[in-house]
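Here is what each chain is made of, one letter per residue.
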Amino acid sequence: MMALCSVSSLAQRSPVMPRPLQKGDRIAVVSPSSSPSAKTISEGCDILRQWGYVPVVGTHALNEYHGFAGTADERAADMRWALTDSTISAIMCTRGGDGAVQLLTRISPADFCRQPKWLIGFSDITALHSAMVQAGVMSIHGSMLHAISAQDGTDSVSVMLRNIMEGKLPAYHVAHHDLDQTGSAEGLLVGGNFSVLCGLAGSPYDCLASREPLILFIEDTDEEMTKVDRMLHNLEVRGVLHRLKGIIVGHFTGYKHPKNDFDDMNAMLHSYLRHLHIPVCYGFPVGHKRPNLPLIEGCRVRLTVSEAGTSLLFLPN
């Protein structure tokens, strides 16, 4: 399947959804960021085989270079292979960490969409998700090889991930949070790790530069309140915040509580977001703790926040 694209294509058309996976399809296993363990790759590939797929490990997936899984050129070579090899149907990242942003200038925008296929990962992989969506292809923010192997691939989140890979659109409902702002909106779902996303500001890979109606989801780990405050205001000064149709606040973990008047990260975010007249959901299960529900980046969704809870419905093209 051929697709003409550029990094600005999101402004022209909605992203395409990769074809559903079938038994026997080959999945590339790559390490765009930090170096994984051999055990992670071995056990994770076993899970993919149990699911009926054929894992193919990238040449440099187990390399080690100052904490990264190889040099930037090596990691980019694996990603270009996974994106452009016509025998590969999906790309599963081994883990996050750091370094995925180094690949962006080493990969042609056309490589992201020449053969639309699922890219699966989260955390640092947010940089690649944003580039994929900008190039006009949906991707899956979800569990990587490390997580599915740790859970033996049989937990509910792994089952949800597999269902999406096989073409089944999810519909989620989560409990009401006291800070929720009620309302309903539709738009393209984008987001991920907040610090990684903000680091793409001003680049051709920034999915938040789109003028499409957007619903943003954010999560992060080990980022202090003051830094998250700064990130939020980064969106404000760029004009992004007031263009959003809805916001989903996921897990914020590992931060130290500063000496201020806020009870927690959600309370700090709410002090600003409550002035926006859009639906805002807090406590959505996505991010660096379980459960981490798989989300389709670039897919049109309907977000409904009410006193009965929050629903997130993924809509067909």
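Asks: Looking at this structure, I do not really get helix 1 (residues 38–50). What am I missing?
Replies: One full turn of an α-helix is made of 3.6 residues, so residues set three or four places apart face in the same direction. The terminal C-alpha atoms of helix 1 lie 19 Å apart, and with 13 residues this matches the ideal 18 Å at 1.5 Å per residue to within 8%. All of the buried residues along helix 1 are Thr40, Ile41, Gly44, Cys45, Ile47 and Leu48. Taken down its axis, helix 1 places every buried residue within 155 degrees of arc, on the same side. Of the exposed residues in helix 1, the ones pointing more than 90 degrees away from its buried face are Lys39 and Gln50. Where helix 1 is buried, its residues touch strand 1 (26–30), strand 2 (54–57), strand 3 (88–93) and helix 5 (145–150). Looking one or two places after helix 1, you find Gly52, whose phi comes out positive at around 100 degrees.

Asks: Which parts of the structure should I look at to understand the packing of aromatic side chains?
Replies: The full count for this structure, using the stated rule, is two aromatic pairs. Residues Tyr172 and Phe284 carry aromatic rings whose centres are separated by 6.3 Å and whose planes lie at 65 degrees to one another, so their mutual orientation is edge-to-face. One end of the pair, Tyr172, is in strand 6 (residues 171–174); the other, Phe284, is in the loop between strand 10 (280–281) and strand 11 (295–297), with 112 residues separating them in the sequence. The burial state of Tyr172 is the same as that of Phe284; both residues are buried. Summarising the aromatic geometry, the rings of Tyr172 and Phe314 are spaced 6.2 Å apart at their centres and angled 90 degrees between planes, so their arrangement reads as edge-to-face. Residue Tyr172 is found in strand 6, and its partner Phe314 is found in strand 13 (residues 309–314); the two are separated by 142 residues along the sequence. Taking relative accessible area as the criterion, Phe314 reaches 3% and is therefore assigned buried. Three or more aromatic residues joined by ring pairs form one cluster here, namely Tyr172, Phe284 and Phe314.

Asks: Even after reading the chapter, I still don't get the pattern of salt bridges, so can you show me in this structure?
Replies: Note on pairing: side chains with opposite charge can pair once their charged atoms come close. Within the structure shown, the criterion is met by nine salt bridges. Salt-bridge contacts for Arg106 lead to Asp73; the nearest nitrogen and oxygen are separated by 2.8 Å. With a gap of 33 residues between them, Arg106 in the loop between strand 3 and helix 3 (109–113) and Asp73 in helix 2 (residues 72–84) connect regions that are remote in the sequence. A relative accessible area of 52% means that Asp73 is categorised as exposed.

Asks: Mind showing me how you'd approach the environment of Val54 here?
Replies: Structurally, Val54 can be placed in strand 2. Distance from Val54 to Ser89, taken between C-alpha atoms, is 9.9 Å for residues 35 residues apart in sequence. If we ignore the near neighbours within four places in the chain, the residues touching Val54 are Gly24, Asp25, Arg26 and Ile27.

Asks: Is there a simple way to think about the environment of Ala175 in this case?
Replies: Along the chain, Ala175 turns up in the loop between strand 6 and strand 7 (183–193). C-alpha separation for the pair Ala175 and Glu212, spaced 37 residues apart in sequence, amounts to 28 Å.

Asks: Would you explain unusual backbone geometry in this entry?
Replies: Trans is the common state for peptide bonds, and a negative phi is the common state for residues other than glycine. For the peptide bond that leads from Arg290 to Pro291, omega is -5 degrees, which places it in the cis range. Along the chain, Pro291 turns up in the loop between strand 10 and strand 11. Look at Ser123: it is not a glycine, yet its phi comes out positive at around 65 degrees. Note on placement: Ser123 falls in the loop between strand 4 (118–121) and helix 4 (126–135). The backbone of Asp222 shows a phi angle near 60 degrees, a positive value even though the residue is not glycine. Within the secondary structure, Asp222 sits in the loop between strand 8 (214–221) and helix 8 (225–237).

Asks: So what exactly am I meant to see when it comes to the sheet that holds strand 13 here?
Replies: Strand-to-strand pairing in sheets goes through backbone hydrogen bonds, with the strands running parallel or antiparallel. Pairing in this open sheet of seven strands is mixed, and the strands run 6-13-12-7-8-9-10 from one edge to the other. What marks the edges here is a single partner per strand, and that holds for strand 6 and strand 10. In this sheet, strand 9 (residues 246–253) lies alongside strand 8 in parallel orientation, the contact comprising six bridges. For Asp220, the partnering residue across the bridge sits in strand 9 and is Phe252.

Asks: What am I meant to see in the sheet that holds strand 11 here?
Replies: The strand order 2-1-3-4-5-11 describes an open sheet built from six strands, whose pairing is mixed. Either end of the sheet is taken by a strand with one partner, and the two such strands are strand 2 and strand 11. For this sheet, the mean inter-axis angle between neighbouring strands, taken without regard to orientation, is 25 degrees. Across the sheet, helix 1 is in contact with strand 1, strand 2 and strand 3; its angle to strand 2 comes to roughly 150 degrees. Together, strand 1, strand 2, strand 3 and strand 4 form the strand contacts of helix 2, whose direction differs from that of strand 1 by roughly 165 degrees.

Conventions and cut-offs
- The residue numbering used here restarts from 1 in each chain and proceeds along that chain's sequence as written.
- The predicted origin of the model limits local features to residues at a pLDDT of at least 70 and limits the giving and counting of side-chain atom pairs to 80 or more, whereas totals for whole chains, interfaces and linings rest on all residues.
- Only heavy atoms go into the side-chain values, all of them from the structure, while hydrogens and water stay out.
- Think of it this way: any DSSP run of H or I at least four residues long counts as a helix, any run of E at least two long counts as a strand, and we number them from the N terminus.
- To estimate how far a helix should extend, the number of its residues minus one is multiplied by 1.5 Å.
- Each residue is assigned to one of three classes by its accessible area relative to the maximum for its type, calculated with a 1.4 Å probe on protein chains only: buried under 20%, partly exposed between the two thresholds, exposed over 50%.
- Each C-beta atom gives one direction from the helix axis, and the arc is the one those directions make.
- The criterion used for residue contact is that any of the two residues' heavy atoms lie within 4.5 Å.
- Stacked, tilted and edge-to-face are the three classes applied to pairs of Phe, Tyr and Trp rings, where Trp contributes its six-membered ring and a pair requires centres within 6.5 Å; stacked means planes under 30 degrees apart, edge-to-face means over 60, and tilted covers the rest.
- Every case where a carboxyl oxygen of Asp or Glu lies within 4 Å of a side-chain nitrogen of Lys or Arg is listed as a salt bridge.
- Pairing between two strands requires that DSSP report at least two bridges joining them.
- Lines fitted to C-alpha atoms define the axes, with helix axes restricted to the stretch in contact, and inter-axis angles between N-to-C directions lie between 0 and 180 degrees.

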